[in-house]
Amino acid sequence: MKYLSKIILATTLSLAFVALNPAQAAEKHLTILMAVPGLDFPFFVHMVNQAKDEANKIGGIDLIVGDGQRSSTKETADVEAAITKGVDGIVISPNDVDALAPAIQEAVDAKIPVVTIDRRVNKVPGILAHVGADNVKGGEAQGQLIEKLFPNGATVMNLQGQSGASPAIDRNKGLHNVLDLAKDKYKFIFEDTAGFDRAKGLAMTESALAGMAKPPDVIVAANDDMALGALEALKARNLVGKVKLIGFDALPEALGQIRAGNMTATIEQLPGGQVRGALQTLVAFLRDGKKPDQQVTLLTPIAITSDNLNQAERLNEVK
């Protein structure tokens, strides 16, 4: 083999991705589209920054960044423009897995290899690989933490993510996988989608709390933006610390709030590991013709609390 492989160790995970020798990797210049649902999500800004850094390390890559602006129509247009341009490959996290399937299929049909990250597209055959987090296990980690915090039972408010987004669906499934096993103890007193949006998380939490005779024991959110919105609503009612608050994504701001004692936990899904693994897989195929050993690679998320903040990927960004 022309290229060497190395093992990426991420927290408690051991995942094998193909790694490229930078000197050898620069032999064939590549143009790659990285399309994300929206750069107003801090999570995807971090992913793009990690992708740029990895592309520079590999060498010989022009990385085109597509900002989907939370619109499946816009992200579809980004993919179609990349196909017309004749890019060598595509790394994509689809805004909506069903809505983006036709554009991704068009890329596959055009013999452009596609690697999905974060959000998996099951309806399109021929995708080279998927590298992401196991969001069901991430939701289960939230549920298991609630069980640990409230062994005798709890009332739960659940802020769900964007409708149609596979992470939102899977995280909600995982949460229910755990807590529904003891429905007599863990009661969902409020569930609705706040669309992964901070302002909606704030407004929805304010509205829900106003309609409750007693606040919930815990608020669980499918991402940190919604959790941080909920935190503002808790502050307004002097409920910080009295209501446990669990997010997802391990954003630096959320990690700072955990360190300050204002949030209980978040879920780390290693977005940097996802996107670096995706680029390595794509470039190895483009330059060496090597297909990944496994078509789907899922990192196992972990719950981050004040006890294990050092395991958070972005802790060094906390101000």
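**Some words on unusual backbone geometry**
With the exception of glycine, the majority of residues adopt a negative phi angle, and the majority of peptide bonds are in the trans configuration.
For step 1, the next point in the chain: In this structure, arginine 70 takes a positive phi of about 60° despite not being glycine.
For step 2, the next point in the chain: Position of arginine 70 among the secondary structure elements: in the loop between strand S4 (61–67) and helix H3 (72–85).
For step 3, the next point in the chain: Arginine 70 gets classed as partly exposed once you look at its relative accessible area, which sits at 30%.
For step 4, the next point in the chain: In this model, asparagine 238 sits at a positive phi of 55°, which is unusual for a non-glycine residue.

**Considering the packing of aromatic side chains**
For step 1, the next point in the chain: Applying the stated criterion to the full structure yields two aromatic pairs.
For step 2, the next point in the chain: Relative to phenylalanine 44, the ring of phenylalanine 41 lies with its centre 5.7 Å away and its plane at 75°, an arrangement referred to as edge-to-face. As far as burial versus exposure is concerned, phenylalanine 41 and phenylalanine 44 are alike and both buried.
For step 3, the next point in the chain: Ring pairs connect the aromatic residues Phe41, Phe43 and Phe44, which therefore count as one cluster.
For step 4, the next point in the chain: Here the basic side chain of arginine 171 rests over the ring of phenylalanine 248, its NZ or CZ set 3.9 Å away from the ring centre.

**Considerations on the confidence of the model for the protein**
For step 1, the next point in the chain: Mean pLDDT over the protein works out to 91, with 92% of the residues at or above the 70 mark.
For step 2, the next point in the chain: Taken as a whole, residues 1–26 scores under 50 in pLDDT and shows 60 contacts with residues more than four places along the chain or in a different chain.

**Quick notes on the pairing of strand S7 (residues 129–133)**
For step 1, the next point in the chain: With respect to burial, S7 is a largely interior element, five of its five residues being buried.
For step 2, the next point in the chain: Across the two faces of S7 the burial is the same, with Ala129, Val131 and Ala133 and His130 and Gly132 all buried.
For step 3, the next point in the chain: Sheet analysis places strand S6 (residues 114–117) next to S7, joined by three bridges and oriented parallel. By the bridge assignment for S7, isoleucine 117 is matched with valine 131.
For step 4, the next point in the chain: Two elements, S7 and strand S13 (residues 296–299), share four bridges in a ladder whose sense is parallel. The residue of S13 that forms the bridge with histidine 130 is valine 296.

**Quick notes on the sheet that holds strand S8 (residues 154–160)**
For step 1, the next point in the chain: Taken together, four strands build an open sheet; the order of strands is S9-S8-S10-S11 and the sheet is parallel. Pairing within the sheet leaves two strands with one partner each, and these edge strands are strand S9 (186–193) and strand S11 (244–246). Between one strand axis and the next, the sheet turns by 15° as a mean value, whatever way the strands run.
For step 2, the next point in the chain: Relative to S11, strand S10 (residues 218–221) is paired through three bridges, and the arrangement is parallel. Each bridged residue has a counterpart across the sheet, and for valine 218 the counterpart in S11 is lysine 244.

**Overview of helix H9 (residues 252–259)**
For step 1, the next point in the chain: The set of residues buried in H9 consists of Pro252, Ala254, Leu255, Gln257 and Ile258.
For step 2, the next point in the chain: In this fold, the buried residues of H9 make contact with helix H8 (224–236), strand S12 (266–268) and strand S14 (302–304).
For step 3, the next point in the chain: One or two positions beyond H9, positive phi appears at glycine 261, with a value near 85°.

Rules used throughout
- Residues numbered from 1 in each chain as written.
- Predicted model: local features only at pLDDT ≥ 70, side-chain atom pairs only at ≥ 80, totals over all residues.
- Heavy atoms only, no water.
- Helix = DSSP H or I, 4+ residues; strand = E, 2+ residues; numbered from the N terminus.
- Buried < 20%, exposed > 50% of the residue type's maximum accessible area, 1.4 Å probe, protein only.
- Phe/Tyr/Trp six-rings, centres within 6.5 Å; stacked < 30°, edge-to-face > 60°.
- Lys NZ or Arg CZ within 6 Å of the ring centre and 35° of its normal.
- pLDDT = per-residue confidence, 0-100.
- Contact = heavy atoms within 4.5 Å.
- Pairing = 2+ DSSP bridges.
- Axes fitted to C-alpha atoms, helices over the stretch in contact; angles between N-to-C directions.

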